[in-house]
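Summary of structural features
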Amino acid sequence: MVIALARRDDVAIAYERLGPPGGEPLLLIMGLGMQLLSWPDELCAELTGRGYSVVRFDNRDAGESTHWSQAGSPSLFDLLARPRAVAPYRLTDMALDAVAVLDAVGWPSAHVAGASLGGMIAQTLAIGHPDRVRTLTSIMSTPTPQIGRARLGALRALGIPPATTRDEAGERMLQVFTAIGSPAYPRDEAWLRDVGRRAYDRGHDPAGARRQLAAIRASGDRRPGLATVRVPTLVVHGDADPLIRVAGGRATAAAVPGARLVVHPGMGHDLPRPLWTPILDEIGALTAA
């Protein structure tokens, strides 16, 4: 894995570029506490095989990107009661990190796809920097944390104590996605354990995920901004998602003029391998248009 750094002021964002340099540019943005590793290598290979030049990156407070360790770990009370007071940054800052990656690879604009928190960042990017976004794909996301609220079991899974070893990190990753993943599709347990272990090696920071969560809660409702988005937009969600329920996807699609909503039965809060082809086909139709 060849990792480069995009820099903006005091932020360094670790990214990886895959596929043909002259391909259709596609920026992938991952979710809460996840690293670029959570875009499966095989999925990225399918994208590059379809002619895309792919860039995936670690959000701030994840992996090998800058961590806001000096801001500490927000308490649950603060996250719920006063997120604006404790969040050291906002989703607008995370969208600017994505702009820095686009600048670093020399892309004036790109197709942008984000999953979960990554979808929120992608939405924010399309709102605030429309000239940098060719198409928008928002996967298992929401325009506001007030819509599509998590089920209790999903919240409990996220509350599993942090790992203290790389093997524990692998098991924790499996536990979490057993709870929030797709009930209708097989789970790749070996892959989940492997990603959990490698993520632990690259940058284990449970407090970083809390700071990202604070950014989500402090950033407000994007629906008024999404109403101004004019790029072709695809919204993908699962009807069995317990972490961001399908209402979040429906609200996203309803907010963007002309957006296409695709709801997959039995899909949870993950990207099950049997759904890769239909999801990539939808992205392909969007980017071709």
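Preceding block: the structure.
This text gives an overview of the structure that appears in the document. Small disclaimer: the values here were computed from a predicted structure and weren't measured.

Criteria and cut-off values
Residues numbered from 1 in each chain as written. Predicted model: local features only at pLDDT ≥ 70, side-chain atom pairs only at ≥ 80, totals over all residues. Heavy atoms only, no water. Phe/Tyr/Trp six-rings, centres within 6.5 Å; stacked < 30°, edge-to-face > 60°. Helix = DSSP H or I, 4+ residues; strand = E, 2+ residues; numbered from the N terminus. Buried < 20%, exposed > 50% of the residue type's maximum accessible area, 1.4 Å probe, protein only. Lys NZ or Arg CZ within 6 Å of the ring centre and 35° of its normal. Expected span 1.5 Å × (residues − 1). Contact = heavy atoms within 4.5 Å. Pairing = 2+ DSSP bridges. Right-handed = clockwise from strand over helix to strand, strands pointing away. Salt bridge = Lys/Arg side-chain N within 4 Å of Asp/Glu carboxyl O. Axes fitted to C-alpha atoms, helices over the stretch in contact; angles between N-to-C directions.

Bringing the packing of aromatic side chains into the picture now. The geometry of an aromatic ring pair comes down to the distance between the two centres and the angle between the two planes. In total, this model carries one aromatic pair according to the counting rule given. Seen from their ring centres, W68 and Y89 are 5.5 Å apart, and the 70° between their planes marks the pair as edge-to-face. You can see W68 sitting in the loop between β4 (52-57) and α2 (76-81) and its partner Y89 sitting in the loop between α3 (83-86) and α4 (91-105), a full 21 residues away along the chain. For Y89, a relative accessible area of 1% gives the class buried. In this arrangement the basic side chain of R60 is found over the ring face of Y89, its NZ or CZ atom lying 4.9 Å from the centre.

Over its 15 residues, helix α7 (residues 166-180) extends 21 Å from the first C-alpha to the last, a length consistent with the 21 Å expected when each residue adds 1.5 Å. Tucked inside the fold, the buried residues of α7 contact α6 (152-158) and α8 (189-203).

Along the chain, the position of R151 falls in the loop between β6 (133-139) and α6. Sequence spacing of R151 and I244 is 93 residues, and the spatial spacing of their C-alpha atoms is 8.3 Å. Contacts of R151, omitting those with residues within four sequence positions, involve P242 and R245.

This next bit is on the pairing of strand β3 (residues 24-29). With respect to burial, β3 is a largely interior element, five of its six residues being buried. Sheet analysis places β3 next to β4, joined by six bridges and oriented parallel. Across the sheet, E24 pairs through a bridge with Y52, a residue of β4. At this point the chain moves from β3, through helix α1 (residues 41-49), to the parallel β4, and the crossover so formed is right-handed. Sheet analysis places β3 next to strand β5 (residues 110-115), joined by four bridges and oriented parallel. Bridge pairing in β5 places I29 opposite G114.

Here we take up the pairing of strand β8 (residues 260-264). Bridge count between strand β7 (residues 233-238) and β8: five bridges; the pairing is parallel. Considered in β8, the bridge of V235 is made with L261. Tracing the backbone out of β7, into helix α11 (residues 246-255) and back to the parallel element β8 gives a crossover that is right-handed.

Attention now moves to the pattern of salt bridges. Going through the model one piece at a time under the given rule, you end up with 21 salt bridges. Here R132 makes a salt bridge to D103, at a shortest N to O gap of 2.8 Å. Highlighted residues: R132 in the loop between α5 (117-128) and β6 and D103 in helix α4, separated in sequence by 29 residues. Looking at D103, the relative accessible area reads 47%, which means it is partly exposed. For R211, the salt bridge goes to D205, with nearest N and O atoms at 3.0 Å. Here R211 matches D205 in class, with each residue buried. Taken together, the shared-partner salt bridges connect R8, D9, R60 and D97 into one network.

Sheets are built from strands paired through backbone hydrogen bonds, the pairs being either parallel or antiparallel. One open sheet holds the eight strands; their spatial order is β1-β2-β4-β3-β5-β6-β7-β8, and the pairing between them is mixed. If you trace the sheet from one side to the other, it starts and ends with β1 (4-8) and β8, each paired once. Taking the axes of each pair of neighbouring strands and ignoring which way they run, one obtains an average angle of 25° across the sheet. On the sheet, α4 packs against β1, β2 (11-18), β3, β4 and β5 and is oriented at approximately 125° with respect to β1.

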